[in-house]
Every structure is written in structure tokens, then in C-alpha cells.
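Residue-level listing of the chains:
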Amino acid sequence: MFDRFLKGIENEVEKEPRVQYYLVGADEWRNADAWPPAEVKLTKLYLRAGGKLSFTAPPTQERPDTYTFDPSDPAPHLIDVSENELSVPENYKEVEKRADVLTYTTEPLAEDVTVAGDLFACLYAASSARDTDWVIRVTDVDDQGNSIRVSDGILRARYRHGFDCPKLLTPGQVEEYRLRLTRVGYVFKEGHRIRVQVTSGAQNLAFPNTNTGDDPAADTESVVANQTVLHEPDYPSHVELPLLS
């Protein structure tokens, strides 16, 4: 690219595909004319009662899930310091044992599921606090129970309508949260399961929200938040996977 457009060398690089991406799990490079690839179809995976994750939306009202988020003890975001980066495929198997981490898991996959593009999450939730954080993480669960990070995202509740229009929460009121997760090219293998985690802490990635709604730069107090996650016809919490046909 530099040779062609900076040095004027005729190497025909402009004739190559506009996008090249690596597909983890298939161990191969793919070409595309756009990102995400044109053949991608956004497909919803719904959070369901009993910790289930399903391509079928909840047909009837289901009991919501709850947890408490204590800013003094946030769930960790696992990193490998030697990698000098945050987006590494760490194993969240032990983190998922925490009471402040909800998990929703599919049945074992009948065939490979390939995703390429941006992942999104739509969470319907309520908090007892005036402000809080929501963390959504997608993992790949193998037959040994290892839960390997694939993609995740975090949203501070006051910015649910955009960073240009912050608005504090009304405690107990259900709100819709849209999160953009990290983009990936990935193959969930046959027999594996797809899992979605919901929590409010990401220690090592972000300073924990004090939940008070006050200025985080000067806030010295914090409160424990009671969090409620809904999954029912009126509030169908889900993630959107860019499935590659």
C-alpha cells in the first residue's frame, strides 16, 4: 500500500480485495469487498429464564434475574499483561462463579456457527441506583467447561442515549441499553456452546461506577446497586450475532 501510493510503484495493490480478515477457529484468512461481509445476517440470540440462551424469543413473561453490584468488589476483566493489550481470549470459567455475574448458555451446537463483523447487545434492565455500568461478554464454552472470551462491551447507564446527552436513571425503572461489542471473525465449533455474561464490573478495563450518579472525578462515596435483567416479550434482551452464511 505504501509502495503504491507513497512511492508510486505500480504493484496493483488497488486490485486486491478491500477487506482481509482472519477467521479464528478456521485458522484462515478471508477476503471481502466490505466490512462486515455482504453475506452476513444479524441474528438474535435471546436471554431466557434458567440461564438459557436461545434463537427463540421468550413467548411468555419470564421471571427476571437479579444480582447486586458492589463497586468495592467488581468482577474482573481478565487480561494478560505480557500481551500488552486487553482483547485476549482469557478463560472466564472461574469468574462466572461469582454471584454478580449472570450467564446464559445455548445447548451444544449441532454445527459450526461462524460470525464475522460487529456484535451488538440489547439489554432491558433496571437498577436501584442513579447510575451504574453494564458489561456484556460473549464466550465460547468447550466440552471441558472452559469459557473463552470472544467479544465484549461496556456501557455507563447515564450515556444510554449517547455521550452527548447524559441522563441519570430513575431507580427501579426499566431501560433499554444498546451496546456495541468488539468486532470479530470467529467459528464456534460443533459441540461447543455460546454463552452471554451480564455483569456490572470490569476491573482492569474500567474504574468501577460508584452508582451514586455524582461526578466520578470527585466522588468519594459509593452505593451497592440491585440490578434486574428482564427477558420477556415486552423486554426481549438479546445479543445480535453477525452470522456468516
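Every chain's residues receive numbers from 1 upward, in the order its sequence appears when written. This being a predicted model, a pLDDT of at least 70 is required before a residue's local features are given, and a value of 80 or more before pairs of side-chain atoms are given or counted; all residues contribute to the totals for chains, interfaces and linings. Heavy atoms from the whole structure form the basis of all side-chain values; hydrogens and water molecules are not counted.

(A) The arrangement of the overall build of the protein in detail. Each helix is a run of DSSP H or I of at least 4 residues and each strand a run of E of at least 2, with the numbering of both proceeding from the N terminus. Helix and strand counts for the protein stand at one helix and 16 strands. Over its C-alpha atoms the protein spans a radius of gyration of 20 Å, differing by no more than 12% from the 18 Å that the globule rule assigns to 245 residues. Burial classification: accessible surface area is computed with a 1.4 Å probe over protein chains only, and a residue below 20% of its type maximum counts as buried, one above 50% as exposed, and the rest as partly exposed. Each of the 245 residues in the protein was classed as buried or not, and the buried ones make up 46%. Counting contacts in the protein only where the partners sit at least 6 residues apart, residues at least 24 apart contribute 75% of the total. Split by element, the accessible area of the protein, about 13100 Å² in all, is 48% carbon and sulfur. It is over C-alpha atoms that the radius of gyration is taken, and the globule rule equals 2.2 Å times the number of residues to the power 0.38. What makes two residues a contact is simply this: any of their non-hydrogen atoms within 4.5 Å. Throughout, the Shrake-Rupley method with a 1.4 Å probe supplies accessible areas, and for residues the shown protein chains are the sole cover considered.

(B) Layout of the environment of H238. Among the structural elements, H238 can be located in strand β16 (residues 238–244). For H238, a relative accessible area of 5% corresponds to the buried category. In this structure, the C-alpha to C-alpha distance between H238 and L181, residues 57 residues apart in sequence, is 13 Å. Separated by 2.7 Å, the side chain of H238 and the backbone oxygen of P236 make a polar contact. Pairing of N or O atoms within 3.5 Å defines a polar contact, subject to two protein rules: one partner must be a possible hydrogen donor and the other a possible acceptor, and residues neighboring in sequence count only if both atoms are side-chain atoms.

(C) Region of interest: the packing of aromatic side chains. Any pair of Phe, Tyr and Trp rings, taking the six-membered ring for Trp, is counted once the centres come within 6.5 Å. Such a pair is stacked with planes under 30 degrees apart, edge-to-face with planes over 60 apart, and tilted for the rest. Overall, the coordinates contain six aromatic pairs when judged by the stated rule. The interplanar angle of 65 degrees and the centroid separation of 5.1 Å between the aromatic rings of Y21 and W35 together place this pair among those described as edge-to-face. With Y21 in strand β1 (residues 19–23) and W35 in the loop between β2 (28–32) and β3 (40–48), this pair connects stretches of sequence that are 14 residues apart. Ring centres of Y186 and F188 lie 5.0 Å apart, and the angle between their planes is 65 degrees; on these two criteria the pair is classed as edge-to-face. Using a relative accessible area of 14% as the deciding quantity, one classes Y186 as buried. Of the residues examined, F188 reaches a relative accessible area of 0% and is grouped as buried.

(D) Representation of the pattern of salt bridges in the model. Whenever a carboxyl oxygen of Asp or Glu lies within 4 Å of a side-chain nitrogen of Lys or Arg, that contact is scored as a salt bridge. Under the definition given, this model contains 15 salt bridges. In this structure, the salt-bridge partner of R180 is D118, at a minimum N-O distance of 2.9 Å. On the criterion of sequence distance, the pair formed by R180 in strand β11 (residues 175–180) and D118 in the loop between β7 (113–117) and β8 (120–127) is long-range, its members being 62 residues apart. Given the relative accessible area of 53%, R180 is considered exposed. Note that D131 is salt-bridged to R158, the shortest N-O span being 2.7 Å. With a gap of 27 residues between them, D131 in the loop between β8 and β9 (133–141) and R158 in the loop between β10 (147–156) and β11 connect regions that are remote in the sequence.

(E) Region of the structure containing the side chain of D219. Secondary-structure assignment places D219 in the loop between β13 (193–199) and β14 (225–232). The charged side chain of D219 is buried without a salt bridge, its nearest counter-charge being R158 at 7.0 Å. Within the structure, the side chain of D219 is placed 3.3 Å from the backbone nitrogen of E221, a separation counted as a polar contact. Residue contacts for D219: discarding those within four places in its chain leaves T210, T212 and D214. Here the positive residues are Lys and Arg and the negative ones are Asp and Glu; neither His nor the chain ends is included.

(F) Geometry of a nonpolar patch on the surface. Among the surface-exposed residues, Y22, V24 and W29 lie close enough to one another that they form a single nonpolar patch of about 320 Å² accessible area. Note on placement: Y22 falls in strand β1. Each patch is assembled from residues with relative accessible area greater than 30% and no salt bridge, linking like charges that lie within 9 Å and nonpolar side chains (Val, Leu, Ile, Met, Phe, Trp, Tyr) that lie within 5 Å.

(G) Fine view of the state of the cysteines. Any pair of cysteine sulfurs within 2.5 Å is marked as a disulfide. Evaluation of the coordinates by the stated rule reveals zero disulfides. As a non-bridged cysteine, C122 has C165 as the owner of its nearest cysteine sulfur, 17 Å distant.

(H) Just the side chain of E232, in detail. Mapped onto the fold, E232 is located in strand β14. One buried charged residue, E232, remains without a salt bridge, the closest side chain of opposite sign being R63 at 11 Å. Contacts of E232, omitting those with residues within four sequence positions, involve P58, T60, Q61 and E62.

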